[in-house]
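# Coordinate analysis (summary)
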Amino acid sequence: MARAPRRDLLAGLTVAIVALPLALGFGVASGLGAEAGLATAVVAGALAAVFGGSNLQVSGPTGAMTVVLVPIVAEYGPGGVLTVGLMAGGLLIVLALLRAGRSMRYVPAPVVEGFTFGIACVIALQQVPNALGVAAPEGDKVLVVAWRAVGEFVGGPNWTALAITVGVAGLMLAGARLFPGVPFSVVAVVAATLAAQLFRLDGATPIGALPAGLPAPSLGFLDVSAVGSLLAPAVAVAALAALESLLSATVADGMAAGQKHDPDRELFGQGIANLAAPLFGGVPATAAIARTAVNVRTGAGSRLAALTHAAVLAVIVFAAAPLVSRIPLAALAGVLLATAVRMVEVGALRAMARATRSDAVVLVLTAVATLVLDLVLAVVIGLAVAGLLALRAVAAEARVDRVDPYGDGGPELPGSEAYGDGVPELPGSPAYEGGGGADGGGELAGRAGQVVAYRVEGPLFFAGAHRSLLRLGEISGVRVVILRMCRVTTVDATGALALKDTVHRLNGRGIVVLASGIRPGQRRALESVGALELLRREGREYATASEAFGAARERLAVAGAARGGGAVAAGTGPGRGGRDVPVAAPAEEAAR
């Protein structure tokens, strides 16, 4: 299984040491007890390692999942949480079969960072009751519960619990900075437990009795009549498990050379893990970014490391349950507080806030929504706002600019700036209102042989097509408008309709519209609304700008001859659709 089994075994042992206090702490924080956290780490950790899509991923109970589970426990009880986990596992498998894992790449970085910061705040607030040594007050809002816990502490302070929490958290944070390779979470928990036992600290409430082993698998918790009411929480748990697992796998790929996870297989593995964990009393699980990072940094190269982590925790469950049961709850609160602090990457938050105003808005909004609302709803809000802001930014790229019709070597046209006549700017611009060009573009009405060329750039779609084409339809004082569309990136039905409306308006004022450079992929939308048919009439749609310039010259020459009462030297020829239209003389044809 592994090219370097010793390194994988050592990495797995190291991760297990780090994961033990976290599994205990998250189990307690979820409301199902430390034994639920251990069962999740063992069962889900082993199955996700075997069936998941990453060679380096470590799964188990996490802080983000705990945040979601607390209100479910309060409303539906422990059996409801186990049922939700079972249902979420099934939903994850469905997502894997639908190949939904690849959609993770579309989650913006500000949403991820805001979500992570919000989770860190929620985890820290959840530890307030145990950190202060008071019973957890009633309530499903973490801010309310934390505030009530502070009130109870003020009425009867437990300085022992507070000192243990601060000591454990401080030792973990300071030790990680000075000696990064030492698992100070275990050191701090062992020290706190020894101090509580040696000095008989009454204020250090222990975890309590733990079963010496995993319970037999059972579906006794399942209440079929409650499945309907638990569907929404199950969707939330599945969405969070998918999001966090795929994020963690992406992080692991970036940390290790030559690794690439399979997102759909990862969802399948997490689904299997969440189907099995509730049978043994475990809470819903997901990949743990912190434990995965430890796994990579200690040299893991295959799934053997994650399997070893689960096996070591299983040995602890069977052999050391009496010792683990003496760990003070305040010590676990300190571990989770330090974990919450280390989850926040100040540099990344600062970079996102400084990147653009839109990124800053999405970051703050997602973080606040995570703290005061539901976690999945927070991600949905962040994605929606990010999408709207991105649409606005993309729409702003759509523009219509006047261009020099001869910048690419096109022929000189009578009435153009090359002949001394000004070309009007778009209506509403200073040059249009005050007169553009040498003779004033606003005074060109009635002059024969006037041509103006505009380059349409960016997307013509629902978010910006009308804005970009609105003023173009108000042009007057010219005879021919050339639309150079080679830089249009995309066209949807709304953009095609807006273009058709613009052409109609210009045609209604006797202005001929010629278009060039329409890409093959954009023709379907234009054809569906009739815009392309309108542009093709009388040869008004051309492959290149040079062809459009030649057609414009031909039309102006014919119009000039008609006003002078003379005959057209070139005569007539068959046009599109079987009609006879004037054609240029051979010399003019060669100049096109």
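This one's a predicted model, so the numbers in the text were calculated from it and none came from an experiment. (Residues numbered from 1 in each chain as written. Predicted model: local features only at pLDDT ≥ 70, side-chain atom pairs only at ≥ 80, totals over all residues. Heavy atoms only, no water.)

### What about the overall build of the chain?
Threshold: Strands are runs of DSSP state E lasting at least two residues, helices are runs of H or I lasting at least four, and both sets are numbered from the N terminus onward. Buried, partly exposed and exposed residues are distinguished by accessible area as a fraction of the type maximum, computed with a 1.4 Å probe on protein chains only: under 20%, between the cut-offs, and over 50%, respectively. Residues count as neighbours in contact if any of their non-hydrogen atoms are within 4.5 Å of one another. Surface accessibility follows the Shrake-Rupley procedure with a 1.4 Å probe radius. Residue values consider only the protein chains on display as shielding.
Scanning the chain from terminus to terminus reveals 24 helices and nine strands. Here the chain holds 592 residues, and the buried ones make up 51% of them. Once local pairs closer than 6 in sequence are excluded, the contacts in the chain between residues at least 24 apart make up 80%. With the model as given, the accessible surface of the chain reaches about 26200 Å², and the carbon-plus-sulfur share is 61%.

### What to know about the sheet that holds strand β6 (residues 512-516)
Rules: Here, any two strands with at least 2 DSSP bridges between them count as paired. Inter-axis angles, ranging from 0 to 180 degrees, are taken between N-to-C directions of lines fitted to C-alpha atoms, where helices are fitted over the stretch in contact.
A sheet is described by the order of its strands in space; here five strands give the open sequence β3-β4-β5-β6-β7, paired in mixed fashion. Taken across any chain shown, the strands that pair with only one partner, and hence form the sheet edges, are β3 (399-403) and β7 (541-542). The pairing of β3 with strand β4 (residues 451-460) spans five bridges and is antiparallel. Each bridged residue has a counterpart across the sheet, and for Val403 the counterpart in β4 is Ala453. Helix-sheet contacts for helix α20 (residues 493-508) involve β4, β5 (480-491) and β6, and the interaxial angle to β5 is about 175°.

### Section: the side chain of Asn158
Here Asn158 shows up in the loop between α6 (142-155) and α7 (159-178). Contact partners of Asn158, with chain neighbours within four places excluded, come to Leu132, Gly133, Phe153 and Gly203.

### Some details on the packing of aromatic side chains
Quick reminder of the rule: Here is the rule: rings of Phe, Tyr and Trp (six-membered ring for Trp) pair when centre to centre is within 6.5 Å. Planes less than 30 degrees apart are stacked, more than 60 are edge-to-face, and the remainder are tilted.
Summed over all chains, the structure comprises two aromatic pairs. Ring plane angle 85° and centroid distance 5.3 Å describe the contact between Phe153 and Trp159, whose orientation is recorded as edge-to-face. Classification of Phe153 as buried rests on a relative accessible area of 10%. A relative accessible area of 57% means that Trp159 is categorised as exposed.

### Remarks on helix α14 (residues 329-343)
Inclusion rule: A helix is expected to span 1.5 Å for every residue after the first.
Look at α14: 21 Å from first C-alpha to last across 15 residues, which is about the 21 Å you get at 1.5 Å a residue. Summarising burial for α14: 11 of the 15 residues are buried, a large majority. Those residues of α14 hidden inside the fold are in contact with α1 (5-30), α4 (109-126), α5 (128-132), α7 and α8 (184-198).

### Side note on the pattern of salt bridges
How we decide: For this analysis, a salt bridge means a side-chain nitrogen from Lys or Arg found within 4 Å of a carboxyl oxygen belonging to Asp or Glu.
Under the counting rule described, the total for this entry stands at four salt bridges. The salt bridge involving Asp264 is made with Arg102; its shortest N-O contact spans 3.6 Å. Residue Asp264 is found in helix α10 (residues 263-276), and its partner Arg102 is found in the loop between α3 (63-97) and α4; the two are separated by 162 residues along the sequence. Note on Asp264: relative accessible area 6%, which makes it buried. You can call Arg102 partly exposed: its relative accessible area is 35%.

### Regarding the side chain of Thr193
We count it as follows: Side-chain atoms alone can form a polar contact between residues adjacent in sequence; in general such a contact is a pair of N or O atoms within 3.5 Å, and within protein one must be able to donate a hydrogen while the other accepts it.
Relative to the helices and strands, Thr193 resides in helix α8. In terms of polar contacts, Thr193 uses its side chain to reach the backbone carbonyl oxygen of Val189, at 2.8 Å.

### Some thoughts on the environment of Asn274
Take Asn274: it is sitting in helix α10. Residue classification places Asn274 among the buried residues on the basis of a relative accessible area of 1%. Taking the C-alpha atoms as reference points, Asn274 and Ile93, 181 residues apart in sequence, are found 9.8 Å from one another.

### With respect to the nonpolar core
The nonpolar side chains of a soluble globular protein tend to be buried with one another. For clarity, the threshold we go by: In this description, a nonpolar core means a group of buried Ala, Val, Leu, Ile, Met, Phe, Trp, Tyr and Cys residues linked to one another through side-chain atoms lying within 4.5 Å.
Counting 87 residues, the largest nonpolar core has Leu24, Val168, Ile207, Val237, Leu313, Ile327 and Leu375 as its most contacted members. In terms of residue count, the dominant contributor to this core is α3 (15 residues). Those residues in contact with Leu375, other than ones at most four positions away along the chain, are Ala64, Val67, Val68, Phe115, Ile119, Leu240 and Thr370. Grouped together as the second largest cluster of nonpolar side chains are 31 residues, Val400, Leu472, Val491 and Ala531 included.

### Here's the deal with unusual backbone geometry
Positive phi, normally seen in glycine, also occurs at Arg99, with a value near 60°. Looking at the element boundaries, Arg99 is found in the loop between α3 and α4.

### Some points on the pairing of β4
Along β4, 10 of the 10 residues are buried, which leaves the element largely enclosed by surrounding structure. Strand direction decides the pairing type here: β4 and β5, joined by nine bridges, are parallel. Paired with Leu460 across the strands is Val491, a residue of β5.

### Focus on α3
Using the following cut-off: In this analysis the local bend is the angle between axes fitted, respectively, to the seven residues ending at and the seven residues starting at the residue.
Look at α3: only 27 Å from first C-alpha to last across 35 residues, short of the 51 Å you get at 1.5 Å a residue. Maximal helix bending in α3 amounts to about 125°, located at Tyr76; proline Pro78 follows within four positions. Between the side-chain oxygen at the start of α3 and the backbone nitrogen of Met65 there is a gap of 3.3 Å, and the oxygen is on Thr62.

### Overview of the packing of helix α9 (residues 231-255) against α10
This is how it is decided: Angles below 35 degrees are treated as roughly parallel, those above 145 as roughly antiparallel, those between 65 and 115 as roughly perpendicular, and all remaining angles as oblique. Note on convention: near helix rotated counterclockwise from far helix by under a right angle means a left-handed crossing. Clockwise means right-handed. Only Asp, Glu, Lys and Arg are considered charged, only Ala, Val, Leu, Ile, Met, Phe, Trp, Tyr, Cys and Pro nonpolar, and every remaining residue, Gly among them, polar.
Here α9 crosses α10 at 130°, and the two axes come no closer than 10 Å. Comparing their axes, α10 and α9 come out oblique. In the packing of α9 onto α10, the handedness of the crossing is right-handed. Residues Ala242, Ser245 and Leu246 of α9 pack against Pro263, Glu266, Leu267 and Gln270 of α10. Along the lines of polarity and charge, the residues of the contact of α9 with α10 split into four nonpolar, two polar and one charged.

### Looking at the confidence of the model for the chain
Do not read the predicted coordinates in detail wherever pLDDT is low. What counts here: You can read pLDDT as the predictor saying how much it trusts each residue, on a scale of 0 to 100.
On average, residues of the chain score 79 in pLDDT, and 85% of them are at 70 or above. Least confident of the elements in the chain is helix α24 (residues 586-591), whose mean pLDDT is 35; most confident is α10, at 95. Scored below 50 in pLDDT, residues 406-449 shows 94 contacts in the model against residues more than four places distant or in partner chains.

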